[in-house]
Structure formats: C-alpha cells, structure tokens
Protein chains: 2
Amino acid sequence: MINYPGGINKKHYQEKKRRIVSKNSAANRGMSLEDSINQSNEFYAEMDRALILKRPTPINVVKVDYSRGALIKEAYFEKQSTTDYNGIYKGKYIDFEAKSTHLKTSFPLNNITSHQIEHLKGVIRHGGIAFFIIEFEIQQQAFLIDAQYVITFINENKRKSIPYLDIVNNGIEIKKSYRPALLYLDAVDKMYFDKII
Amino acid sequence: MINYPGGINKKHYQEKKRRIVSKNSAANRGMSLEDSINQSNEFYAEMDRALILKRPTPINVVKVDYSRGALIKEAYFEKQSTTDYNGIYKGKYIDFEAKSTHLKTSFPLNNITSHQIEHLKGVIRHGGIAFFIIEFEIQQQAFLIDAQYVITFINENKRKSIPYLDIVNNGIEIKKSYRPALLYLDAVDKMYFDKII
C-alpha cells in the first residue's frame, strides 16, 4: 500500500526514496524501513515465530461511485492515530512504531505524535511490550528502543531530539540479513525476555 | 469509515442498514454491530479497562493526484485478510472477528474466510485469546464464541452453518447497555478469566 504522509508531494517522496535507496546497506538494498519490517513480519509468520502485522493506512473516503462496484473516486490519506504495528509474540502483546531519520546525530521527537505516545503508555499500563524501531539512514543502523525510555526522555528533557549516542547506549542495534531483513525479534528477546531479574 | 464489502451496491447496503436498524433493540437503536463494538472499545479505552481497536479497512490505492495534496482519485475497498479487531486486555493479546446474520436458526460459515481462520489459529498457537462475536439480528442477540469452538466445528462437521442453539449453549450472550453498547469484556471475563481450573 502506498503511504504518502499528509502534505508530501510525489517529487518530494521520490527524492526521499532515492536518497534512502542509495544509502541502504547491501543486505537491504532498495528496501525502506517499512518494507524491511513488513518482509520480516512475513518471514516470522511463515516460521511461526510471531504474528505481527502492520495496521492498514487509514483512508478517509469522501466519494464512492456505486455504479462501478464501489469505486472510490475521492479519498485522502489519514495519519495513523496509533502505532503502525502490533501483534503477539511468546504470548505477549507487542506494539511498536517505526521511524527513520536522515539526521546523523539525533532523532527528532516531532516524528512521534502525542497520540502515539498516549497509545504506547496505554500498552505499558495494560502489560504489553511497547517500543520504537528507529533507523538512522546515514549510519545505516536501526535500533530497538523501549517506549518507556522515550516517554521518560520526553518528560525529563527540554530538548526536541534524542541524541544518537543515547539511542546507541540505551537501545539494542537490530542485526540485518537477507531474510528477515531486520532481525528485530532477536532485539526484542534481548530487551524483554533475556533480562536477568 | 465507510465499509462496503466488495460487490455490494449502495441500494443493497442502505436496505440492509434499514432492516438492521428496524430490528435493533431500544438500547442500541440505530447502531450496527460494528458501530456498537467501536463505541464499546472507545468506552473501555476511556475507562482504561482495555486497549482494543478496529483495524482500518484496507484500501487498494490505484491513482493519486499529487497536484492537490495527495488526493486519491481511484481506489477500491479490499477484504481484511485477518480479523477486524485486536488489542490488549488484562495483559493478554485479544483478537476477534464480528459478524451479523439475518438468519434465525443458524450462522452461515461462509461469513468467515479461510484467512481469518488461519489467523485465529495462529493467535491461539501463540497464546492469545481468539473469539468471534456473532449477532443474530432477528433475535437481537449477540454472543461471544471461542475461536477454537468454531475451528473444531468446521473440522468435525460437514454442515455449512452453526446452529443457533449450539451458539447459545457454547457461547456467552453479550449483555447490552447504553454505554458500552455491548458489554463484551464481561463475556471475555466469563469465558477466559473466571474459569474454575
């Protein structure tokens, strides 16, 4: 499914896409972060290791032509009011949001909406696992970072971005391969299941 | 969000809606099963009792006009390849599908796709809670029925529908109110959390 966040025109999108592609690692050449996660989720489902899916992009349908079998003639992409991904892994509810940045030294927090933060707080309150996958395009690195870390960072800091080094030190780098493109469940294991209590 | 399943034209849909409305109980007058569940989920979220959401209807976008801020000019509704609802309740992953029938004596199994059955089997394998909410429009009754019951019924029977009385005897009737329209988490409690072991 095509997903052009509100206000971004095609040219902008294509430029962005070309830039990402040119900087991608050999392993994931040509794959956006979203494509990498979707492919990994398919792989994990085939292996029966987890059942995690992307929520479809919400679309506001304005006009439908019923004379042609419910052809949508006018509609608009809407922003996801929650996170992009959820599902079940090792009996636990999993919920996360994935974001890329082309900045080198920090991750801008305006990439995350207040709706998403509220949603992830709710997931934590109800006993689920909540995190972000943050990709630094220049470094070609993706990290898993616990949602509670991000929530606490926002509460305790005035800065509008999380430094790259904070993410390196508090997150877990996600290894890449051909299939799955991102071995993010290994990072989930390390962060939530291998903890020494 | 408007959701016209493939092939149903507007007239058909409006007739169906009128019929449902005319038969609805006083408590839920004018609300479809989907509306009732969505309103109940909003209520449960406000009460912080659970975090359960409808997956957006997937839409296949064919043509987009970028000169007008990503206006979708041609698109089609797609069938959900999984279930309509999932989320977290009491620390457990919850996943379910809701279906109405206007038949009086049985629920036709062709309302459920093989994708949905495979998805719910996966949820059960991974330790989640999986069920159906089935509404009999004529009786104005909605039932929670465990997905494993439906899966076993399909495997062990040649019939193409589950008798109403089987659902009465093996499901839990969902009480109705003004808010939430369907007290379906009380039925979840009875079915999955109050069991005497």
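The structure this text deals with has already been given above.
Every value quoted in this text rests on a predicted model; they were computed, and no experiment measured them.

## Here we look at the sheet that holds strand β1 (residues 51–54) of chain A
Residue and element names in this part refer to chain A.
Now for step 1: Pairing is mixed across the open sheet formed by 6 strands, whose spatial order is β1-β4-β5-β7-β8-β10. Taken across any chain shown, the strands that pair with only one partner, and hence form the sheet edges, are β1 and β10 (172–173).
Now for step 2: Sheet contacts for helix α3 (residues 114–125): β5 (92–101) and β7 (129–136); angle to β5, the most-contacted strand, approximately 155°.
Now for step 3: Where helix α6 (residues 184–193) meets the sheet, its contacts fall on β1, β4 (85–89), β5, β7, β8 (141–146) and β10, and the angle it forms with β8 comes to roughly 30°.

## Structural notes on the relation of the copies chain A and chain B
Now for step 1: If you rotate chain A by 180° and push it 0.0 Å along the axis, it lands on chain B with an RMSD of 0.0 Å. The operation mapping one copy onto its partner corresponds to a two-fold rotation axis.
Now for step 2: Interface overlap between copies is the fraction of interface residues in one copy that are interface residues in the other; for chain A against chain B it reaches 100%, indicating a shared surface.

## Things to note about the interface of chain A and chain B
Much of the literature gives interface size as the accessible area that the parts lose upon coming together.
Now for step 1: Of the residues lining the interface, 40 residues belong to chain A; the matching set on chain B comes to 40 residues.
Now for step 2: Taken over both partners, the interface formed by chain A and chain B buries close to 3,700 Å², and the fraction arising from carbon and sulfur atoms is 67%.
Now for step 3: Area buried by chain A at its contact with chain B is led by Tyr66, Ile72 and His126 of chain A, which between them contribute 19% of it.
Now for step 4: Inspection of the region where chain A meets chain B yields 2 salt bridges.

## A look at the pattern of salt bridges
All names here are of chain A.
Now for step 1: Tallied over the full model, the rule gives 18 salt bridges over all chains.
Now for step 2: When the shortest N-O distance is used, the salt bridge between arginine 55 and aspartate 95 registers 3.7 Å. Residue arginine 55 is found in the loop between β1 and β2 (59–65), and its partner aspartate 95 is found in strand β5; the two are separated by 40 residues along the sequence.
Now for step 3: Classification of arginine 55 as buried rests on a relative accessible area of 4%.

## Details of the packing of α3 of chain A against helix α4 (residues 147–156) of chain A
All names here are of chain A.
Now for step 1: Running from N to C, α3 and α4 point in directions that differ by 125°, and their axes come no closer than 10 Å. Relative to α4, the element α3 is oriented oblique. At the point where α3 passes α4, the crossing takes the left-handed sense. Between α3, through Ile117, Leu120, Lys121 and Ile124, and α4, the contact on the second element is made entirely by Ala147, Gln148, Val150, Ile151 and Ile154.

## Some thoughts on the nonpolar core
Now for step 1: Residues Phe132, Val150 and Ile167 of chain A together with Phe132, Val150 and Ile167 of chain B are the most contacted members of the largest nonpolar core, which totals 44 residues.
Now for step 2: Setting aside residues up to four positions removed in sequence, valine 150 of chain B forms contacts with Leu109, Ile112, Ile117, Phe132, Ile145 and Ile162 of chain B.
Now for step 3: Among the nonpolar cores identified, the runner-up in size contains 25 residues, and Phe43, Ala50, Ile174 and Leu185 of chain A belong to it.

Definitions and cut-offs
- Residues numbered from 1 in each chain as written.
- Chains lettered and ligands numbered in written order.
- Predicted model: local features only at pLDDT ≥ 70, side-chain atom pairs only at ≥ 80, totals over all residues.
- Heavy atoms only, no water.
- Pairing = 2+ DSSP bridges.
- Helix = DSSP H or I, 4+ residues; strand = E, 2+ residues; numbered from the N terminus.
- Contact = heavy atoms within 4.5 Å.
- Axes fitted to C-alpha atoms, helices over the stretch in contact; angles between N-to-C directions.
- Least-squares fit on C-alpha atoms with pLDDT ≥ 70 in both.
- Buried area = accessible area lost by both parts, 1.4 Å probe.
- Salt bridge = Lys/Arg side-chain N within 4 Å of Asp/Glu carboxyl O.
- Buried < 20%, exposed > 50% of the residue type's maximum accessible area, 1.4 Å probe, protein only.
- Parallel < 35°, antiparallel > 145°, perpendicular 65-115°, else oblique.
- Left-handed = near helix turned anticlockwise from the far one by under 90°.
- Core = buried A, V, L, I, M, F, W, Y, C linked by side-chain atoms within 4.5 Å.

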